[in-house]
Amino acid sequence: MNVETTDREVLRVRGLTVTFHPKGRRKAPVQAVRGIDLVLHQGETLSVVGESGCGKSTTARAVLGLVKAAGEIELMGRRFDQMSPREKTRARADIQMVFQDPYSSLDPSQRVGVSIAEPLEVHTDLDAKQRRARVEELLETVGLSAEHADRFPHDFSGGQRQRIAIARALACSPSIVVADEAVSALDVSTQNQVLKLLEELSSSLGVAYLFISHDLAVVRHISDRVAVMYLGTLVEEAAADALFAQPLHPYTQALLSSVLVADPARQRQRTDARLSGDLPDPSNPPSGCVFRTRCPHAMEVCSREVPVPVPRSGGGTVACHLFTEAHEGADPGEPSPTDNLTANGSTR
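Participant: Teacher, can you tell me more about the overall build of the chain here?
Facilitator: Secondary structure summary: the chain contains 11 helices and 12 strands in total. At a minimum sequence separation of 6, the contacts of the chain that also span at least 24 residues come to 65%.

Participant: Could you clarify how one ought to interpret the sheet that holds strand β5 (residues 78–79) in this entry?
Facilitator: What links the strands of a sheet is backbone hydrogen bonding, and the strands pair in either a parallel or an antiparallel sense. Read across the open sheet, the 4 strands follow the order β2-β1-β4-β5; overall the sheet is antiparallel. Looking at strand neighbours, the two that pair on one side only are β2 (30–41) and β5, the edges of this open sheet. Alignment of strand β1 (residues 9–20) against strand β4 (residues 70–75), held across 5 bridges, turns out to be antiparallel. Bridging from a neighbouring strand, R14 pairs with E72 of β4. In this fold helix α1 (residues 56–63) packs onto β1, β2 and β4, with an angle of close to 115° to the strand it touches most, β1.

Participant: How should the nonpolar core be read in this particular structure?
Facilitator: Considering soluble globular proteins, one finds that nonpolar side chains tend to be buried as a cluster. Counting residues in each nonpolar core, the largest one holds 37 residues, and the members touching the most others are I164, I166, L198 and F211. Contributions of two or more residues to this core are made by α3 (112–123), α4 (128–141), α5 (158–170), β7 (176–180), α6 (188–205), β8 (208–212) and α7 (216–222). If you tally residues by element for this core, the top one is α5, at 6 residues. Contact partners of I166, with chain neighbours within four places excluded, come to V98, V142, V194, L197, L198 and L201. Residues V10, F80, A91 and M97 belong to the second largest nonpolar core, which totals 32 residues.

Participant: How should the packing of α3 against α4 be read in this particular structure?
Facilitator: Each pair of packed helices gets described by two things: the angle between the helix axes and the distance between those axes. Between α3 and α4, whose axes approach to 9 Å, the crossing angle comes to 120°. Taken together, α3 and α4 sit at an angle that is classed as oblique. Considering the relative orientation of α3 and α4, their crossing is right-handed. Side by side, α3 and α4 meet where G113, I116, A117, L120 and E121 of the first sit next to R131, R134, V135, L138 and L139 of the second. Of the residues that constitute the contact of α3 with α4, the class distribution is 6 nonpolar, 1 polar and 3 charged.

Scoring rules and cut-offs
Residues numbered from 1 in each chain as written. Predicted model: local features only at pLDDT ≥ 70, side-chain atom pairs only at ≥ 80, totals over all residues. Heavy atoms only, no water. Helix = DSSP H or I, 4+ residues; strand = E, 2+ residues; numbered from the N terminus. Contact = heavy atoms within 4.5 Å. Pairing = 2+ DSSP bridges. Axes fitted to C-alpha atoms, helices over the stretch in contact; angles between N-to-C directions. Core = buried A, V, L, I, M, F, W, Y, C linked by side-chain atoms within 4.5 Å. Buried < 20%, exposed > 50% of the residue type's maximum accessible area, 1.4 Å probe, protein only. Parallel < 35°, antiparallel > 145°, perpendicular 65-115°, else oblique. Left-handed = near helix turned anticlockwise from the far one by under 90°. Nonpolar A, V, L, I, M, F, W, Y, C, P; charged D, E, K, R; others polar.

Below, the structure written as structure tokens:
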């Protein structure tokens, strides 16, 4: 987790919505992302987590402009949709991406130096000699050697390829790097090396990361803040330490209870907060709270009203009727979500 964060906003997302329209007359539109809000500060790592299909990767691609989205996206305080085409090109240099698969994200027919230099050709006025010097500098920054620029991707291991992808992402000195499952294809030891590199770059260069991952152990290690998504919605967001110590939303509780505890005695004492039922059809989501069909605390109000995010203790938000005024009229015999929490955030 990076400690050199600042209050300067480098990214703000308001009401981000992404709708896909499958081909075919009878196929209903799928709202993959449903009006979420996110803020990212300089030097900070914000992780977005959730089950497969929850919309976290679609969110990342929408922020980058790779998929069409509604809502507002501000980069460095400026609305992206209000920029001219030339301004958008310049702005894209400030937000770069590291993809999941280091074996397919690099062109196998190009020397890696050429791949790293491509952003420099598009976004800078550097000549060939200056670009070469910058490429060599970047390779050394990510722990490789200058002579590696003349090799092809097949000459490198998966971890080395991901370092090359990181070097390419850093070529234009971006403020934001979007990492979409950037270490999931790597073995554990290589994961640790890449994560350490990302942390060092954040501290030394002030890079902010939007980190998309399903690996909660990795998320806990690298994150300053964590946003939890379910079926396209943002259900909880908080500082990483607070979220892992005391998850409030029932879905967050269930998600974190799946993480194994290193201490066997503590692991035996835990009771998993297992989810009932299957993930709903995203083209026909439940009314009201989209999590209600799998929630052990579901109330009548959950089927009628979409929960609005409310502040949670210690900062962040939680979107659940158990924490809103709508809960005031509920049966007093219903358990409070905090009644089920132990000190380490698991459920009893």
